[in-house]
Amino acid sequence: NKNSFTAICFGGCVIASALMIFIGSVSPVVFCGLIFVYYMLTNLLRPYSVNLILEQNKNDVGSASSVMNMANNVLAVLGMGLATLSFNNMVSALGVIFFVATALPLIGWIALMYSKIPIRGFYDKPVRKNS
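Below: a short report on this structure. (Residues numbered from 1 in each chain as written. Predicted model: local features only at pLDDT ≥ 70, side-chain atom pairs only at ≥ 80, totals over all residues. Heavy atoms only, no water.)

### Brief notes about the nonpolar core
Piece 1. Core analysis: the largest hydrophobic core is formed by 16 residues, its most contacted members being Y48, L52, W109 and F122.
Piece 2. Elements that contribute at least two residues to this core include exactly α1 (2–23), α2 (28–55) and α4 (90–114).
Piece 3. Looking at which element gives the most residues to this core, the answer is α2, with seven residues.
Piece 4. Setting aside residues no more than four positions away along its own chain, L52 makes contact with W109, I119, R120, G121 and F122. (Core = buried A, V, L, I, M, F, W, Y, C linked by side-chain atoms within 4.5 Å. Buried < 20%, exposed > 50% of the residue type's maximum accessible area, 1.4 Å probe, protein only. Helix = DSSP H or I, 4+ residues; strand = E, 2+ residues; numbered from the N terminus. Contact = heavy atoms within 4.5 Å.)

### Here we look at the environment of F98
Piece 1. Residue position: F98 is located in helix α4.
Piece 2. A relative accessible area of 8% places F98 in the buried class.
Piece 3. Spatially, the C-alpha atoms of F98 and N51 are 23 Å apart, while their sequence positions differ by 47 residues.
Piece 4. Leaving out residues up to four positions away in the same chain, F98 has contacts with S17, M20, I35, Y38 and Y39.

Purely spatial values, then, with no claim about function.
See the structure below:
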């Protein structure tokens with residue numbers, strides 16, 4: 001189930017980032033383990049989400065791909081800028097950044113699931129266009 005897969009990945013990322021906030025500073029092994037789980041889950045979700053996004057705009061896939069890459073770069077720069085700020089505990093600060101960077105898309109995903117917006121490639125049967 002695609003919805004369950006997405007929920008598990010998002011949920012795992014939220015849990016890993018929350019644990020990083022509270023116990024990530026215990027040892028380098030705990031920190032590395034949480035980072036590994038977070039990145040593994042985001043990397044599992046990426047090919048599926050990219051395919052889903054590109055499926056929405058069949059007429060101009062190149063533009064959609066460019067917008068996705070630009071958004072990825074802008075968010076990476078924003079994250080790097082936040083990471084350079086002075087914090088008392090850099091591990092907890094990184095956990096907060098990860099938590100927010102996961103919670104916001106999760107909220108958007110939940111809102112999309114409860115909306116009436118058709119999502120091509122998500123449902124088992126093709127979405128019909130209104131004529």
